[in-house]
Amino acid sequence: MVLGGLLGVGMSKLDLGWQAKLIVVLLPAVACAILTLGVKFPPTERKAAGISAGDMFKELWKPLFFVLFCSMFLTAASELAPGQCVDFALTRTVGMQGILLLVYVNGLMFVMRHFAGPLVHKLSAIGILWCSCLGASLGWWR
């Protein structure tokens with residue numbers, strides 16, 4: 001992160017165009033692509049289960065897929081929308097860097113998701129998703 005910041009400042013001082021900056025960003029992507037050329041990846045779950053791509057796309061029309069899509073959309077919206085303005089609002093009003101709160105909240109989400117296994121076994125994945133979605137939505141509207 002620090003190196004990237006220093007590199008960005010240095011490139012701005014050199015008065016390089018956007019094309020040079022884009023090349024610097026693309027270098028790690030190209031390096032990763034080259035490193036994965038000889039790697040044999042395991043089959044996907046769909047392929048391992050012997051399910052065809054057509055059967056997979058037929059699942060899009062089932063009602064449960066629509067329910068899951070809507071619940072994931074609400075969860076993502078309630079997580080991402082506040083994150084866009086929290087840094088700016090906290091930095092401006094409280095005087096502390098809002099990014100520190102975002103780091104804390106995202107770290108908390110990581111820990112809670114990491115240790116949610118026993119709760120998932122007692123409920124179901126769908127139950128956890130709906131409870132999380134409902135709680136996040138209620139917190140957003142409050």
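My aim in this report is to walk through the structure given alongside it, one point at a time. Every chain is numbered on its own, with residues counted from 1 as its sequence reads. Side-chain atom pairs in this predicted model are given and counted only at pLDDT of 80 or more, local residue features only at pLDDT of at least 70, and totals for whole chains, interfaces and linings cover all residues. Remark: hydrogens and water are excluded; side-chain values derive from all non-hydrogen atoms of the structure.

As for the pattern of salt bridges
Salt bridge criterion: a side-chain nitrogen from Lys or Arg within 4 Å of a carboxyl oxygen from Asp or Glu. Following the criterion strictly, the structure yields two salt bridges and no others. Notably, a salt bridge pairs Asp55 with Lys58, separated by 3.7 Å at the nearest N-O pair. Of the two residues, Asp55 and Lys58 both sit in helix 4 (residues 53-58), three residues apart, roughly one turn of that helix. A salt bridge links Lys62 to Glu59; its shortest N-O distance comes to 3.3 Å. The rule is simple: take the accessible area with a 1.4 Å probe, protein chains only, and divide by the maximum for that residue type; under 20% is buried, over 50% is exposed, in between is partly exposed. The class of Glu59 is partly exposed, set by a relative accessible area of 38%. Secondary structure elements are taken from DSSP: a helix is a run of H or I of four residues or more, a strand is a run of E of two residues or more, and numbering for both begins at the N terminus.

Brief notes about a nonpolar patch on the surface
Nonpolar side chains collect at one region of the surface, where Ile51, Met56, Phe57, Leu60, Trp61, Phe65, Phe69, Phe73 and Leu74 lie side by side and expose about 1000 Å² of accessible area between them. Those elements that place two or more of their residues in the nonpolar patch are helix 4 and helix 5 (63-93). With four residues, helix 5 is the largest single contributor of residues to the nonpolar patch. Summarising the element assignment, Phe73 is placed in helix 5. Look at Phe73 and you get exposed, because its relative accessible area is 54%. Only residues whose relative accessible area exceeds 30% and that take part in no salt bridge are eligible for patches, with like-charged residues grouped when within 9 Å of each other and nonpolar side chains (Val, Leu, Ile, Met, Phe, Trp, Tyr) grouped when within 5 Å. All accessible-area figures derive from a Shrake-Rupley calculation using a 1.4 Å probe, and residue coverage is judged against the displayed protein chains alone.

Some points on the side chain of Ser71
Within the element layout of this structure, Ser71 appears in helix 5. Judged by relative accessible area, Ser71 falls into the buried class, the value being 0%.

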